[in-house]
Amino acid sequence: MILPGDHPDSIARAVATLAAGELVALPTETVYGLAADAGRDDAVAKIFAAKGRPSDHPLIVHVPDAPSATHFASSVPPVAQRLMDAFWPGPLTLILPRRAQAGAAAAGGQATIGLRCPAHPVAHALLLACAQASPPILGLAAPSANRFGRVSPTMPAHVESEFGASLLILDGGACPVGIESSIVDCTRGVPVLLRPGVLTREQIESACGERLRDPLDMPDAAPRASGTLASHYAPTAKVRLMPAGMLQTALDVLGADAPRIGVYARTAIRARGDSVRVRRMPDDAAETARQLFAVLREFDDQQVRLIWVEPPPDEPAWDGVRDRLRRAAAG
Ligand code: TXA
Ligand code: MG
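Not measured: the values here are computed from a predicted model.

Caption draft 1: Structural detail: the packing of aromatic side chains. A complete count under the given rule lists 0 aromatic pairs for this structure. Sitting above the plane of the Trp318 ring, Arg266 keeps its charged end 6.0 Å from the centroid.

Caption draft 2: Quick look at the domain arrangement of the chain. Under the domain assignment, the chain is made up of domain 1 (2-217) and domain 2 (238-330). Counting residues at the interface gives 22 residues for domain 1 and 16 residues for domain 2. Summing both partners gives a buried area of about 1,300 Å² for domain 1 against domain 2, and 55% of it is carried by carbon and sulfur. At the surface where domain 1 touches domain 2, the tally comes to 2 salt bridges. The partner of Arg297 in a salt bridge is Glu162, with the nearest N and O atoms 2.9 Å apart. Counting the contacts that link domain 1 with domain 2 gives 6 residue pairs in polar contact (both at pLDDT 80 or more). Of the residues assigned to the side of domain 1 that touches domain 2, the class counts are 9 nonpolar, 9 polar and 4 charged.

Caption draft 3: Geometry of the nonpolar core. Ranked by size, the top nonpolar core spans 47 residues in total, and within it Val61, Leu83, Trp88, Leu94, Leu115, Val184 and Ile204 carry the most contacts. Those elements that place two or more of their residues in this core are strand S3 (33-37), helix H2 (41-51), helix H3 (78-87), strand S5 (92-97), strand S6 (112-116), helix H5 (156-163) and helix H6 (201-208). Residue contributions to this core peak at 5 residues, all from H3. Contacts of Leu115, omitting those with residues within four sequence positions, involve Ile60, Val61, Val63, Ala69, Phe72, Ala73, Trp88, Leu92, Thr93, Leu94 and Leu96. Counting 22 residues, the second-largest nonpolar core is a separate cluster that includes Ile179, Ala285, Ile307 and Leu325.

Caption draft 4: The arrangement of the environment of Leu251 in detail. Among the structural elements, Leu251 can be located in helix H7 (residues 244-254). Between the alpha carbons of Leu251 and Leu306 there is a distance of 12 Å; along the sequence they are 55 residues apart.

Caption draft 5: Representation of the sheet that holds strand S10 (residues 192-195). The sheet built from 10 strands is open, its strands ordered S1-S8-S2-S3-S7-S4-S6-S5-S9-S10 with mixed pairing. The two strands at the open ends of the sheet, each matched to only one other strand, are strand S1 (2-4) and S10. Pairing analysis gives 2 bridges linking strand S4 (residues 60-62) to strand S7 (residues 140-141), with the strands arranged antiparallel. Bridge pairing in S7 links Val61 to Ala141.

Caption draft 6: Summary view of the pairing of S3. With 5 of 5 residues buried, S3 is to be regarded as a mostly interior element. With 3 bridges connecting them, strand S2 (residues 24-26) and S3 associate as antiparallel partners. Note on S3: the bridge partner recorded for Val24 is Ala35. A loop of 6 residues connects S2 with S3, the two strands running antiparallel in sequence. Summarising the sheet, S3 and S7 pair through 2 bridges and their orientation is antiparallel. Across the sheet, residue Asp37 finds its bridge partner in S7, namely Leu140.

Caption draft 7: Main features of the state of the cysteines. Tallied over the entire structure, the rule returns 0 disulfides. Note on Cys130: no disulfide assigned, nearest cysteine sulfur contributed by Cys117 at a separation of 13 Å. Note on Cys130: relative accessible area 0%, which makes it buried. You can see Cys208 has no disulfide; the closest cysteine sulfur is in Cys186, sitting 7.6 Å from it.

Caption draft 8: Structural view of the packing of H3 against H6. Contact geometry of H3 with H6 gives a least axis separation of 8 Å together with a crossing angle of 120 degrees. Taken together, the axis directions place H3 and H6 in an arrangement best described as oblique. Handedness of the crossing formed by H3 with H6: right-handed. Between H3 and H6, the residues in contact are Val79, Arg82, Leu83, Ala86 and Phe87 and Gln203, Ile204, Ala207 and Cys208, respectively.

Caption draft 9: Layout of the environment of Gly209. Mapped onto the secondary structure, Gly209 falls in the loop between H6 and strand S11 (238-241). Along the primary structure Gly209 and Thr17 are separated by 192 residues, whereas in three dimensions their C-alpha atoms are 42 Å apart.

Conventions we followed
Residues numbered from 1 in each chain as written. Chains lettered and ligands numbered in written order. Predicted model: local features only at pLDDT ≥ 70, side-chain atom pairs only at ≥ 80, totals over all residues. Heavy atoms only, no water. Phe/Tyr/Trp six-rings, centres within 6.5 Å; stacked < 30°, edge-to-face > 60°. Lys NZ or Arg CZ within 6 Å of the ring centre and 35° of its normal. Domains from an automatic or database assignment. Contact = heavy atoms within 4.5 Å. Buried area = accessible area lost by both parts, 1.4 Å probe. Salt bridge = Lys/Arg side-chain N within 4 Å of Asp/Glu carboxyl O. Polar contact = N/O pair within 3.5 Å; in protein donor to acceptor, adjacent residues only side chain to side chain. Nonpolar A, V, L, I, M, F, W, Y, C, P; charged D, E, K, R; others polar. Core = buried A, V, L, I, M, F, W, Y, C linked by side-chain atoms within 4.5 Å. Buried < 20%, exposed > 50% of the residue type's maximum accessible area, 1.4 Å probe, protein only. Helix = DSSP H or I, 4+ residues; strand = E, 2+ residues; numbered from the N terminus. Pairing = 2+ DSSP bridges. Disulfide = S-S within 2.5 Å. Axes fitted to C-alpha atoms, helices over the stretch in contact; angles between N-to-C directions. Parallel < 35°, antiparallel > 145°, perpendicular 65-115°, else oblique. Left-handed = near helix turned anticlockwise from the far one by under 90°.

Have a look at this one:
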């Protein structure tokens, strides 16, 4: 059921559900998360089961503030502290060394843990209420609230369509960021960008005072991260990235014979008949991030067979959107 997230009764009900070892969906500024008490391996196991996600893929643990990170992290390297100071609460996840007894199931058994302090007021209210419960719930393990390999949800209705009406979903409206947090690994001596989000490389580098490395630059293989699998975030329809000119030509050639196609482009595209659904991609990267997953889901709901997308501009502000589109197209 979907409950108003800004109501204290909803928060109390969510805390009681989590304390009983059950799952709750919560809004964050990036996407909706499917949450469990990070301190209970039995509760965390339900997340993996519900998502159909392999249990050795680590989840992100959400905390109410930066000091709470030390419940799960055995240390906070200086570079991580600088990033927390600059971006928490906000759309940034830090990979830190894990405390031996904390969040083992959430971390997928790894010696590291992904931590994030979300900026959404409903997420914040829930995390605070959890911390104040007795016994306290010190963190919420929460991957995106979608089945494994599917597009992340940015609206309560998306979550309900993934997991059904029995799940308690806190309604926080449409997620203002729209794509998942940037992930920086702070356990390798140098900061490594595992997943781009809406924060630009430049913003992150200027906060840490160091160049960000890419996983491929690192000598050892990157830890398992499902958000970094080549084909992830895929809608049901086949996604293809195509320059606007080619896209227009293909539509012109197909004419009235075009199958159901969803088109998402910044350039104005002409299409005949109503088998082709055209959505205009905004000129602004942040605006596009906000609507991207909802647009992909709408195309799926309209049962298009193909989604043709004009590649985003080759600019740093578009890194997160470009990354998600590339992965969707690899599906
Ligand atoms: O914006 C977000 O980050 C959303 C909201 C709900 O907070 N969460 C999210 O979670 O995207 P999820 O589980 O779908 O993606 C988490 C990513 C995965 O790629 C996971 O493998 C990686 O974070 N990750 C988590 N812990 C890690 C660790 N210890 N080492 C390496 N990667 C880790
Ligand atoms: Mg995910």
